[in-house]
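Fold and contact review
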Amino acid sequence: MSDQGVGRGASAQDWFVRARVRIRGAHRSTSVEPLNLRIFQFGEELEMMQWGRSGQQVGTGTWWTSQDLDAARSVPAQEVLEGELPAADR
């Protein structure tokens, strides 16, 4: 499954997905607490996650390393190897 960062419409319920993704290009990301720079490398495979709320667009543009937003790092849309995003309801 390829994830191009395209919005998929709104979801009728809160959602969470964990997936194995492949990094498509080098990307620098910094966590807040602890303050730390991480450089993601092309081809690297990681378990990452996304989530959203009911009524909001199911966005696929950003993947996160953790739900702890202070310690998490975000990476733009990547190639999804395992895992499925929820279907948009409208």
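In case you missed it, the structure is sitting above this.
In this report, the structure presented in the accompanying data block is examined. All values derive from a computational prediction rather than experimental measurement.

Scanning the protein chain for helices and strands turns up zero helices and seven strands. Residues classed as buried in the protein chain amount to 29% of the 90 residues present. Intrachain contacts of the protein chain at a sequence separation of at least 6 include 65% that bridge at least 24 residues. Carbon and sulfur atoms form 46% of the exposed surface of the protein chain, whose accessible area is close to 5300 Å².

Before going further, it helps to examine the packing of aromatic side chains. Following the criterion strictly, the structure yields one aromatic pair and no others. Lying across the ring of Phe-40, Arg-38 places its NZ or CZ 4.2 Å from the centre.

Counting residues in each nonpolar core, the largest one holds 13 residues, and the members touching the most others are Val-21, Met-48 and Trp-63. Ranked by residue count, the leading element in this core is strand E1 (residues 15-22), at four residues. In this structure Met-48 touches Val-17, Arg-18, Ala-19, Val-21, Trp-63, Trp-64, Thr-65, Arg-73 and Val-75, once residues within four positions along its chain are discounted.

Take the pattern of salt bridges next. In the structure shown here, the tally under the stated rule is six salt bridges. The partner of Arg-22 in a salt bridge is Glu-45, and the shortest N-O contact between them spans 3.0 Å. Of this pair, Arg-22 sits in strand E1 while Glu-45 sits in strand E4 (residues 45-52), and the two are 23 residues apart along the sequence. Relative accessible area serves as the criterion here: at 27%, Arg-22 is assigned to the partly exposed category. A single salt-bridge network, built from bridges that share partners, covers Arg-20, Arg-22, Glu-45, Glu-79 and Glu-82.

Once that is clear, we can look at unusual backbone geometry. For the bond running from Glu-33 to Pro-34, omega is 5°, close enough to zero to count as cis. If you trace the backbone, Pro-34 turns up in the loop between strand E2 (27-31) and strand E3 (36-40).

What counts as what
Residues numbered from 1 in each chain as written. Predicted model: local features only at pLDDT ≥ 70, side-chain atom pairs only at ≥ 80, totals over all residues. Heavy atoms only, no water. Helix = DSSP H or I, 4+ residues; strand = E, 2+ residues; numbered from the N terminus. Buried < 20%, exposed > 50% of the residue type's maximum accessible area, 1.4 Å probe, protein only. Contact = heavy atoms within 4.5 Å. Areas by Shrake-Rupley, 256 points an atom, 1.4 Å probe, with all protein chains shown as cover. Phe/Tyr/Trp six-rings, centres within 6.5 Å; stacked < 30°, edge-to-face > 60°. Lys NZ or Arg CZ within 6 Å of the ring centre and 35° of its normal. Core = buried A, V, L, I, M, F, W, Y, C linked by side-chain atoms within 4.5 Å. Salt bridge = Lys/Arg side-chain N within 4 Å of Asp/Glu carboxyl O.

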